[in-house]
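A look at the structure
Next come the chains, spelled out residue by residue.
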Amino acid sequence: LLGAYTGAGTIFGVTGGVLDGARTYWAWFLPCALLEPLAFYLSSLCYADGDGRLSAFAYTAQLVGNCALSVPLTMKFGYAGCAVGTTIGHIAAVAVLLLHLRRAENSLAFVRHFSLADSGRICVCALGDASIRLCQAVLTLLLNLYVIARFGEGRLPVLAAALAVLGLSEAFDGVATA
């Protein structure tokens with residue numbers, strides 16, 4: 001994917017329209033790459049603060065916004081529309097999660113604190129999430145390659161919608177955990 005974005009050659013022999021589409025998608029996807037960790041972090045904070053419902057609602061807003069906007073925007077603007085729809089879904093999630101900071105029962109307060117021991121514990125805990133995200137990225141890449149090889153690039157928006165629906169399982173897992 002980095003090669004597609006930077007123009008450093010092709011990936012798995014992908015050329016032409018798909019490669020141009022990947023470059024277009026990643027150019028528009030960069031704001032989303034900044035918003036996704038923020039949404040995940042705010043969701044974890046809200047959940048830890050006892051607001052599991054808002055966390056689940058924000059994730060649902062993210063997925064619904066992503067699906068509801070990515071498909072029509074992809075039909076109108078192509079790959080750029082898909083990335084913009086995804087970014088808007090993440091903006092919706094962050095906006096919902098920021099509502100927690102305005103609630104009276106909010107106990108989150110920003111405190112300056114740094115500890116190497118705490119940083120180490122955070123890194124150990126983050127390894128699980130990082131490995132899950134990496135596996136999801138590899139699965140998405142493999143599914144994209146399969147869909148392109150078997151059905152053509154025109155079916156990629158359908159795959160994106162299907163993967164977003166599968167992502168709802170994370171929201172339901174969060175509700176069950178809450």
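1. Some remarks on the state of the cysteines
When the sulfur atoms of two cysteines share a covalent bond, that bond is a disulfide. Scanning all chains against the criterion turns up zero disulfides. The thiol of Cys82 is not disulfide-bonded; the next cysteine sulfur, from Cys67, is found 9.8 Å away. By relative accessible area, Cys82 is classed as buried at 13%.

2. Brief notes about the packing of aromatic side chains
Applying the stated criterion to the full structure yields one aromatic pair. Geometrically, the ring pair formed by Tyr146 and Phe151 is edge-to-face, given 6.2 Å between the ring centres and 85° between the ring planes.

3. Section: the confidence of the model for the protein chain
Looking at the protein chain as a whole, its pLDDT mean stands at 80, while 86% of the residues score no less than 70. Looking at the elements of the protein chain, mean pLDDT is at its lowest for helix H1 (residues 2-6), recorded as 47, and at its highest for helix H4 (residues 79-98), recorded as 89. Scored below 50 in pLDDT, residues 1-6 shows 13 contacts in the model against residues more than four places distant or in partner chains.

4. What to know about the environment of Leu35
Mapped onto the elements of the fold, Leu35 is located in helix H2 (residues 16-48). In this structure, the C-alpha to C-alpha distance between Leu35 and Ala93, residues 58 residues apart in sequence, is 9.2 Å. Other than its neighbours up to four places away in sequence, Leu35 contacts Thr87, His90, Ile91 and Val94.

5. Re the side chain of Thr87
Within the secondary structure, Thr87 is located in helix H4. A polar contact is formed between the side chain of Thr87 and the backbone oxygen of Ala83, at a distance of 2.9 Å. Among all residues touching Thr87, those that are not within four sequence positions of it are Trp28, Pro31, Cys32 and Leu35.

6. Observations concerning helix H5 (residues 116-151)
Turn by turn, an α-helix covers 3.6 residues, leaving residues three or four places apart pointing in a common direction. Here H5 contains 36 residues, and its C-alpha end-to-end distance of 50 Å stays within 8% of the 52 Å for a straight helix at 1.5 Å per residue. Two to three positions downstream of the cap, the backbone nitrogen of Ala117 sits 3.3 Å from a side-chain oxygen, assigning the N-cap of H5 to Ser115. Once H5 finishes, Gly152 follows within two positions and takes phi at roughly 95°, a positive value.

7. Quick notes on the environment of Val147
The residue Val147 is located in helix H5 in this model. Judged by its relative accessible area of 9%, Val147 is buried. Spatially, the C-alpha atom of Val147 lies 9.7 Å from that of Val158, the residues being 11 residues apart in sequence.

8. Some remarks on the nonpolar core
Counting residues in each nonpolar core, the largest one holds 10 residues, listed as Leu35, Ala39, Leu42, Cys46, Leu54, Ala58, Ala93, Val94, Val96 and Leu97. Taken together, the elements giving at least two residues each to this core come down to H2, helix H3 (52-77) and H4. Residues within four places of Val94 in sequence aside, it is in contact with Leu35, Leu38, Ala39 and Leu42. In terms of nonpolar packing, the next biggest core, distinct from the first, is built from five residues, Tyr25, Phe29, Cys82 and Ala83 among them.

9. Re H2
With 33 residues, H2 should cover 48 Å at 1.5 Å per step; its first-to-last C-alpha distance of 47 Å lies within 8% of that length. At Phe29, H2 shows its strongest bend, of approximately 45°, with the proline Pro31 following within four residues. With its phi angle positive at about 95°, Gly50 sits one or two positions after the end of H2.

10. Quick look at the pattern of salt bridges
Enumeration according to the criterion identifies two salt bridges in this entry. In this structure, Asp51 and Arg103 form a salt bridge, with 2.7 Å as the shortest nitrogen-oxygen distance. Here the residue Asp51 occupies a position in the loop between H2 and H3, and Arg103 occupies one in the loop between H4 and H5, the gap between them amounting to 52 residues. Across the salt bridge formed by Arg121 and Asp118, the nearest N and O atoms sit 2.2 Å from each other. With a gap of three residues between them, Arg121 and Asp118 both fall in helix H5, about one helical turn apart.

Rules behind the numbers
The written sequence of each chain sets the order in which its residues are numbered from 1. pLDDT decides what is reported in this predicted model: residues at 70 or higher carry local features, side-chain atom pairs at 80 or more are listed and counted, and totals for whole chains, interfaces and linings draw on all residues regardless. Each side-chain value is derived from all of the structure's non-hydrogen atoms; neither hydrogens nor water enter the calculation. The criterion for a disulfide is a pair of cysteine sulfur atoms lying within 2.5 Å. The buried label applies to any residue whose accessible area, calculated with a 1.4 Å probe on protein chains only, is under 20% of its type's maximum; exposed applies above 50%, and partly exposed to all values in between. For this analysis, a ring pair means two rings from Phe, Tyr or Trp (six-membered ring only for Trp) whose centres lie within 6.5 Å, classed as stacked if their planes differ by under 30 degrees, edge-to-face if by over 60, and tilted for the remaining angles. One number per residue, pLDDT, summarises how confident the predictor is, and it ranges from 0 to 100. Only DSSP runs of H or I with at least four residues qualify as helices, and only runs of E with at least two residues qualify as strands; both kinds are numbered from the N terminus onward. Throughout, a contact is declared for two residues whenever any of their heavy atoms are within 4.5 Å. By the criterion applied in these results, polar contacts are pairs of N or O atoms within 3.5 Å in which, for protein atoms, one can donate a hydrogen and the other can accept it, and in which residues neighboring in sequence qualify only through two side-chain atoms. Here the expected span of a helix is defined as 1.5 Å times the quantity of residues minus one. We define the nonpolar core as a collection of buried residues of types Ala, Val, Leu, Ile, Met, Phe, Trp, Tyr and Cys that are connected through side-chain atoms lying within 4.5 Å of one another. A residue's bend is simply the angle between two axes: one fitted to the seven residues ending at it, one to the seven starting at it. Between Lys or Arg on one side and Asp or Glu on the other, a salt bridge is scored when a side-chain nitrogen of the former is within 4 Å of a carboxyl oxygen of the latter.

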